[in-house]
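What follows is the residue order along each chain.
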Amino acid sequence: MAFQLASVTASHDPRAHLSEKEEEEAYIPEDNILPDGSTPNIETYMYYAKIQRDKEAALAASEDVEGGWGGLISRTFHRSQGSDKNSVVSALRDSDEKRQAFSEEGGSVLVTASEHRAASSALRTATWGSVFYLITTDILGPYSTPWAFQQVGYGPGVACFFVFGIMAAYSGFILWWLFMKLDSEKFPVRSFGELGQRIYGRWFRHACNILQSVQLVFNVGLIILGNGQGLSQMAKFNLCFSVCNVVWALAGMILGQIRTLQKFGSVANLAIWMNIITLIMTMASVANSAPNYVAIPNTGPVQTYAIYIQPFQNQLNGIMQIVFSYGGAMIFVEFMAEMRRPMDFWKAMAYSQLFIFIVYMFFGLFVYSYQGQYTVNPANQGISAYGLQTATNAISLTAGLIAAALYGNIGVKIIYNNVLVELFGFPELTSTRGKYLFSASVIVYWSLAFVIGSAVPQFSNISSLIAAVCIFQFTYTFPPFMILGFYAQVDANKGDREFDINRPNAHRVDTWKDFSRWRRGLSKKFFFNLWNFLLVLACISCATLSAYSSIKSIITAFHTSGAASSFGCKSPLNNAS
C-alpha cells in the first residue's frame, strides 16, 4: 500500500471530474494569512473546523433522512454523479448570480476567494466506500509479502504483520482525528504536509514534501527495476538488462507528458484488475509447479521455517517489506480532503487495514509455503513455467507502467510547485511556459528514476531502504509526533482567556518561551503524551536501524560473486551457473 494511485479511475477517483487547472492547483502550497498579516494559530483553525464539521453533520443527517436505507447503501459505495453535479452547479450558480448582479452595477466579475472555496467544497464527492477501494488497491505491496516471510519465517512474519497493522491503524485514526479538528472550508487541509504545518509550522511541511518526493521517485525507480527484470525474463536474458530498464524509462517519459490524472481514466482502472489476475495466477502456478531455481541461487529441496535464523540485517529487510504493505498514510489526508463526509474516513481506514492484514498475509504465506527459500521479490517472477511466467510478466508490466506514470505525475507536480515555483520562481503549471517546463521536468524525473533502478539493481534492498527512510515516517513516526504537538497546544490553551475570533492572538496569557505554558501543555495528558513520545523515539530508532541494514545489504550484495552490477547487462534474476 505504498502509494495507491494505481487505482485512480474516472469512476472512483474523487478528482476525476476536475479541470486541468483545478487539478494542478491542488498541488500548489497555500500559506494561510489573516487580514492583519499574521498566520492563523491553532485556535483559529479549530474554530473554523468545528463550523465545517457541524455543516457536514447537518448535511449527512438530511441526506440519510431523504434517502433512507437504500440511498445510504448507494451513497456509501457509488456516489450519484447527478447529485454531485447538482451540488457543484448549485455552488457555482450562487457565485454566478452574485457576479452577474455586480457586473450590472459596473463592478468586476472576478470570483472571490470565498466563492471559490464554496465551489471547491461542493466538489467533495468521495464516499468512505470508494476510499476503501482506493486504499486497498496497490501495485507493490502484495508482491513483496512472500519474500518478507522468507526472511523471517512464519512466526515473526505473522507477528510483525499483526503489530504493524495495529500501529498503522492507530496512526490512521490520529490523522483522521487531526484532520477533523483542523480542516475547514476557509482553511482547507489538502496534503499531509499541510496538516503537519498547522501544528509545527512550515519547516514540517517542507520535511514532509521532501520525503514524499524522495519516496515517489524511488517508487518509480523501483517499478523500472521490477519491469526491467520482467522484460529480461520474457527475453530469456538475451536482452541487456540496462536496455530493458531504458525501455521502461522511455515509455514513462512519454506517458508522463499527460498532465492530468483524469486522462488516465479507465486505463488505470484496468491496472487494478491486472494486479488481481496476476496474484491469482501466481498462487495457481506456485501450487502446481516447481520454484524458479534460476532466479535464486539456493540449493536443496524447498524448506520453510517457523523462525528463520539469519543475520539481523536481513531480517529487518524482510520486515520492511511488511511496512511497505501498510504504507498508505502519506495520502490519507488527500483522500479525506475529497470526501463528502470526512468523519466517515475511519471506516474506510479500519476496513482497509483489516483487508490488507488478511489478504496480503494470506498471499505471502501461500507463496512462501510452496517456494520456501526460492521465493522471489516480486513474487510473480518466481514462477518457473515460461509460458505462465511470461503471461504474468506481461500483465504486471503493463499495470506497473501505468502506476509508475501516476506516481511520476504526482511526484513531478509536488517537486515543481513546492521547490521550483516556491523557491526558484518558476512559472505556474497552468501557464504556457510552465507546461513546457513540466514536460522537461518529467524527462529529468524519469531519468533520475532510471539511474536509481539501474545503479542499484537490487529490488528487495531498494524497497527496504525506501520503506525505512520514507514510508516508515509517514505511517508510524509522524502521526504520533503530530498528535503530541497538537494536544500540547490544545491543553496549553486551556489556561488562556476566552478565545475571540476577531482578536485571535489576544487571549493568550503566556508564550512558549514561558515554562508555565509547557507545563500546562504536557502535564494534562501526561501518560498519553509519554506514550506518543516513546513511540516516536522507537519509530526513529527502528527506521534508522532498518535504513542502515538496507545500506549494508546493498554493499554486501555488490561484493557477492555473480551479482548484477550497476548499469550492467546481467539480469538480477539470471543466476544460472
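Before going into details, it helps to say that this report is about the structure given with it. (Residues numbered from 1 in each chain as written. Predicted model: local features only at pLDDT ≥ 70, side-chain atom pairs only at ≥ 80, totals over all residues. Heavy atoms only, no water.)

### Some details on the overall build of the protein chain
Reasoning step 1: Scanning the protein chain from terminus to terminus reveals 19 helices and 0 strands.
Reasoning step 2: Split into buried and exposed, the 577 residues of the protein chain put 56% on the buried side.
Reasoning step 3: Put simply, of all contacts in the protein chain between residues at least 6 apart along the chain, 84% involve residues at least 24 apart.
Reasoning step 4: By element, 67% of the accessible surface of the protein chain is carried by carbon and sulfur atoms, the whole surface being about 24,000 Å². (Helix = DSSP H or I, 4+ residues; strand = E, 2+ residues; numbered from the N terminus. Buried < 20%, exposed > 50% of the residue type's maximum accessible area, 1.4 Å probe, protein only. Contact = heavy atoms within 4.5 Å. Areas by Shrake-Rupley, 256 points an atom, 1.4 Å probe, with all protein chains shown as cover.)

### A look at a nonpolar patch on the surface
Reasoning step 1: Residues Phe526, Phe527, Leu530, Phe533, Leu534 and Leu537 make up a contiguous nonpolar surface patch of roughly 610 Å² in combined accessible area.
Reasoning step 2: Inspection of the secondary structure puts Leu534 in helix α19 (residues 526-558). (Patch = residues over 30% accessible without salt bridge, like charges linked within 9 Å, V, L, I, M, F, W, Y side chains within 5 Å. Salt bridge = Lys/Arg side-chain N within 4 Å of Asp/Glu carboxyl O.)

### Brief notes about the state of the cysteines
Reasoning step 1: Taken as a whole and judged by the stated rule, the model has 1 disulfide.
Reasoning step 2: Between Cys240 and Cys569 runs a disulfide, and the two sulfur atoms are separated by 2.2 Å. Between Cys240 and Cys569, the S-S dihedral sits near -85°, and the bridge is therefore left-handed. With a gap of 329 residues between them, Cys240 in the loop between α9 (202-234) and α10 (241-255) and Cys569 in the segment after α19 connect regions that are remote in the sequence.
Reasoning step 3: We note that Cys539 lacks a disulfide partner, and the nearest cysteine sulfur, in Cys542, lies 7.3 Å from it. (Disulfide = S-S within 2.5 Å.)

### Points about α9
Reasoning step 1: Taking 1.5 Å per residue as the helical rise, α9 with its 33 residues ought to reach 48 Å, and the 48 Å between its terminal C-alpha atoms agrees with that figure.
Reasoning step 2: Summarising burial for α9: 25 of the 33 residues are buried, a large majority. (Expected span 1.5 Å × (residues − 1).)

### Regarding the packing of aromatic side chains
Reasoning step 1: Applying the stated criterion across every chain yields a total of 35 aromatic pairs.
Reasoning step 2: For the ring pair Trp203 and Phe204, a centre distance of 5.5 Å and an interplane angle of 80° mean the geometry is edge-to-face.
Reasoning step 3: Every member of this aromatic cluster is reached through a ring pair, and the members are Phe192, Tyr200, Trp203, Phe204, Phe474, Phe478 and Phe481.
Reasoning step 4: Lying across the ring of Tyr45, Arg198 places its NZ or CZ 4.2 Å from the centre.
Reasoning step 5: If you follow Arg517 out to its NZ or CZ, it ends over the ring of Trp512, 5.4 Å from the centre. (Phe/Tyr/Trp six-rings, centres within 6.5 Å; stacked < 30°, edge-to-face > 60°. Lys NZ or Arg CZ within 6 Å of the ring centre and 35° of its normal.)

### Observations regarding the layout of surface pockets
Think of a ball as big as a water molecule: rolled over the atoms, this probe shows where empty space is left.
Reasoning step 1: A volume near 1,100 Å³ is recorded for the second largest pocket.
Reasoning step 2: When contributions to the lining of the second largest pocket are tallied by element, the ones reaching two or more residues are α6 (141-152), α12 (312-325), α17 (459-493) and α19.
Reasoning step 3: Each residue belonging to the lining of the second largest pocket can be placed in one class, and the counts come to 15 nonpolar, 22 polar and no charged. (1 Å grid on protein atoms, 1.4 Å probe; cavity = no way out; pocket = protein on both sides within 12 Å on 5 of 7 lines; lining within 4 Å. Points joined across faces, edges and corners; volume = space filled by probe spheres on them. Nonpolar A, V, L, I, M, F, W, Y, C, P; charged D, E, K, R; others polar.)

### Here's the deal with the environment of Gly172
Reasoning step 1: Note on placement: Gly172 falls in helix α7 (residues 154-182).
Reasoning step 2: Owing to a relative accessible area of 0%, Gly172 belongs among the buried residues under this scheme.
Reasoning step 3: When the C-alpha positions of Gly172 and Pro479 are compared, they lie 7.9 Å apart, and in sequence the two are 307 residues distant.
Reasoning step 4: When residues no more than four places from it in sequence are discounted, the contact partners of Gly172 are Phe332, Phe345 and Met349.

### Observations concerning helix α14 (residues 345-371)
Reasoning step 1: The end-to-end C-alpha distance of α14 is 38 Å, a good match for the 39 Å that 27 residues give at a rise of 1.5 Å each.
Reasoning step 2: Following α14 by one or two positions, Gly372 adopts a phi angle in the positive range, close to 50°.

### A few points about the nonpolar core
A general feature of soluble globular proteins is that nonpolar side chains tend to end up buried together.
Reasoning step 1: One finds Phe164, Phe332, Phe345, Tyr476, Met482 and Phe486 to be the most contacted residues of the largest nonpolar core, which totals 105 residues.
Reasoning step 2: Tallying contributions element by element places α17 first for this core, with 17 residues.
Reasoning step 3: For Phe486, the contacting residues outside a window of four places in its chain are Ile42, Met46, Trp177, Leu178, Lys181, Leu182 and Ile199.
Reasoning step 4: Counting 7 residues, the second-largest nonpolar core is a separate cluster that includes Tyr143, Met283, Val286 and Val367. (Core = buried A, V, L, I, M, F, W, Y, C linked by side-chain atoms within 4.5 Å.)

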